[in-house]
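Summary of the model geometry
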Amino acid sequence: MAQFAVIGLGSFGATVALELTKLNHDVIGIDTIKRNVENLADQITHAVIADATDEHVLEELNIQNCDAVVVAIGEDIEASILCVLNLKNLGVEKILVKAKTKAHHTILSHLNITKIIHPEEDMGVRVAQALNYPMVSRYMALDHDHYIIKVPVHEKLNKVNLSGILKQEPHIKLLLLKRDEQIIYEIDSSFTLQTGDVLILEGLLTHLKKLSGCFL
């Protein structure tokens, strides 16, 4: 179990705090708005009404002992930056910050933090990818052109030979196949797909695009 702090409990911050709690981590949530804190009081480890722009307040809450801190302050860019500076002064090494604007991002990029997050932008990219590649239910970008994707097998591919599909684009690597509760890593050339199977594929976007038609 790790210990995390989430500063700013709006929609994004609350989601992060709740998800970390579901993963059995110790989470302290901080916000200046009483309503936001009360909404999470019974759902995370600690929910505190406090001003994260005050370094002494953060120190009293032992934020410096957290494994990582997520700064999810929304509209108040000045408060976000002051909070980050306070965390740096307290020696917090892993800091992830939600950036609201390009100017905010530019300032944060000079503060040597762990990660700058653009939740709205990231979600926009995911929606666009889902519309562009409807056969992909989820994906993870390894870099600009390299992806790991999750592809569900629909009825049209039931009893179709998997190796025959993959041979159409040999640069793509099958990482695993999930069938019901079974995870299969080693698949021979005679393996046939079933409706409901899930494929995890890895490769360059250009190669994945070429194979996409097989799954539609």
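Residues numbered from 1 in each chain as written. Predicted model: local features only at pLDDT ≥ 70, side-chain atom pairs only at ≥ 80, totals over all residues. Heavy atoms only, no water.

**A word on the overall build of the protein**
Let me state the cut-off plainly: Only runs of H or I of at least four residues qualify as helices and only runs of E of at least two qualify as strands under DSSP, and these elements are numbered from the N terminus. Radius of gyration: over C-alpha atoms. The globule rule applied is 2.2 Å multiplied by the number of residues raised to the 0.38 power. Throughout, exposure labels follow a simple rule: accessible area from a 1.4 Å probe, protein chains only, divided by the maximum for the residue type, with under 20% read as buried, over 50% as exposed, and the rest as partly exposed.
Along the backbone of the protein there are eight helices and 11 strands. Over its C-alpha atoms the protein spans a radius of gyration of 22 Å, topping by over 25% the 17 Å that the globule rule assigns to 216 residues. Its C-alpha atoms give the protein principal-axis dimensions of about 65 × 35 × 30 Å. Burial statistics for the protein: of 216 residues in total, 43% are counted as buried.

**Re the UniProt feature "domain: RCK N-terminal" (unreviewed entry) in the protein**
This is how it is decided: UniProt positions are given in the numbering used here, feature names are shortened, and annotations may be inferred rather than shown by experiment.
Within the UniProt annotation, "domain: RCK N-terminal" (unreviewed entry) is assigned to residues 1-117. What you have in residues 1-117 is 39% helix and 22% strand, and the ends, taken at the C-alpha atoms, are 24 Å apart.

**A closer look at helix 8 (residues 205-212)**
Rules: Taking the helix axis as origin, the arc is that swept by the directions to the C-beta atoms. Whether two residues touch is decided by their heavy atoms; if any such pair falls within 4.5 Å, the residues are in contact.
Those residues of helix 8 lying buried are Leu205, His207, Leu208, Leu211 and Ser212. Down the axis of helix 8, the sector holding all buried residues measures 160°, keeping them to one side. Helix 8 presents Thr206 and Lys210 as exposed residues on the side facing more than 90 degrees away from its buried surface. Lining the buried residues of helix 8 we find strand 8 (146-152), helix 7 (162-166) and strand 11 (198-204).

**Quick word on the sheet that holds strand 9 (residues 173-179)**
The strands making up a sheet associate through hydrogen bonds between their backbones, and the pairing can be parallel or antiparallel. Basically, it comes down to this: For two strands to be treated as a pair, DSSP must find at least two bridges joining them. Here an axis means a line fitted to C-alpha atoms, over the contact stretch when the element is a helix, while the angle between two N-to-C directions is reported on a 0 to 180 degree scale.
With antiparallel pairing, five strands are arranged side by side in an open sheet as 7-8-11-9-10. With one partner strand each, in any of the chains shown, strand 7 (138-141) and strand 10 (182-184) form the two edges of the open sheet. Across the sheet, the axes of successive neighbouring strands diverge by a mean angle of 15°, strand direction being ignored. In the sheet, strand 7 pairs with strand 8 via four bridges, with the strands oriented antiparallel. Residue pairing for strand 8: Arg138 is matched across the bridge by Lys150. This element, helix 8, spans strand 8 and strand 11 of the sheet and lies at about 135° to strand 11.

**Topic: the state of the cysteines**
Operational definition: Working definition: a disulfide is two cysteine sulfur atoms within 2.5 Å of each other.
Applying the stated criterion across every chain, the model contains zero disulfides. We note that Cys66 lacks a disulfide partner, and the nearest cysteine sulfur, in Cys83, lies 11 Å from it. On the basis of relative accessibility, which here comes to 0%, the residue Cys83 falls in the buried class.

**Comments concerning the sheet that holds strand 2 (residues 26-31)**
What the six strands build is an open sheet, ordered 3-2-1-4-5-6; its pairing is parallel. Bordering the open sheet on either side are strand 3 (46-49) and strand 6 (115-117), each of which pairs with just one other strand. For this sheet, the mean angle separating the axes of adjacent strands, direction not counted, is 15°. Taken together, the four bridges between strand 2 and strand 3 define a ladder with parallel strand orientation. Residue pairing across strands places Gly29 opposite Ala47, the latter belonging to strand 3. Strand contacts of helix 1 (residues 11-22): strand 1 (3-7), strand 2, strand 4 (68-71), strand 5 (95-98) and strand 6, with the helix running at about 165° to strand 1, the strand carrying the most contacts.

**Focus on helix 4 (residues 77-89)**
Put simply, the rule reads: A helix is expected to reach a length of 1.5 Å times the quantity of its residues less one. We define a polar contact as two N or O atoms separated by no more than 3.5 Å, with the added condition that, inside protein, one atom must be a possible hydrogen donor and the other a possible acceptor, whereas residues neighbouring each other in sequence contribute only through side-chain atom pairs.
For helix 4, which comprises 13 residues, the first-to-last C-alpha distance of 18 Å matches the rise-based estimate of 18 Å (1.5 Å per residue) to within 8%. Buried within helix 4 we find Ala79, Ser80, Ile81, Cys83, Val84, Asn86 and Leu87. Those residues of helix 4 that are buried are in contact with strand 1, helix 3 (55-60), strand 4, strand 5 and helix 5 (102-109). The N-cap of helix 4, judged by a side-chain oxygen 3.3 Å from the amide nitrogen of Glu78 a few residues on, is Asp76. Once helix 4 ends, the next one or two residues include Gly91, with phi positive near 90°.

**Re the packing of helix 4 against helix 5**
To keep things clear, this is the line we draw: Reported orientations rely on four angle classes, namely roughly parallel under 35 degrees, roughly antiparallel over 145, roughly perpendicular from 65 to 115, and oblique for the rest. Here a crossing is called left-handed whenever its near helix is offset anticlockwise from the far helix by less than a right angle, and right-handed whenever the offset is clockwise. Classification convention: Asp, Glu, Lys, Arg as charged; Ala, Val, Leu, Ile, Met, Phe, Trp, Tyr, Cys, Pro as nonpolar; all other residues, Gly among them, as polar.
Between helix 4 and helix 5, whose axes approach to 11 Å, the crossing angle comes to 15°. Compared by their axis directions, helix 4 and helix 5 come out roughly parallel. Two packed elements cross with a definite hand, and for helix 4 against helix 5 that hand is right-handed. Contacts between helix 4 and helix 5 pair Ile77, Ser80, Ile81 and Val84 from the former with His104, Ile107 and Leu108 from the latter. Among the residues forming the contact of helix 4 with helix 5, the class breakdown is five nonpolar, two polar and no charged.

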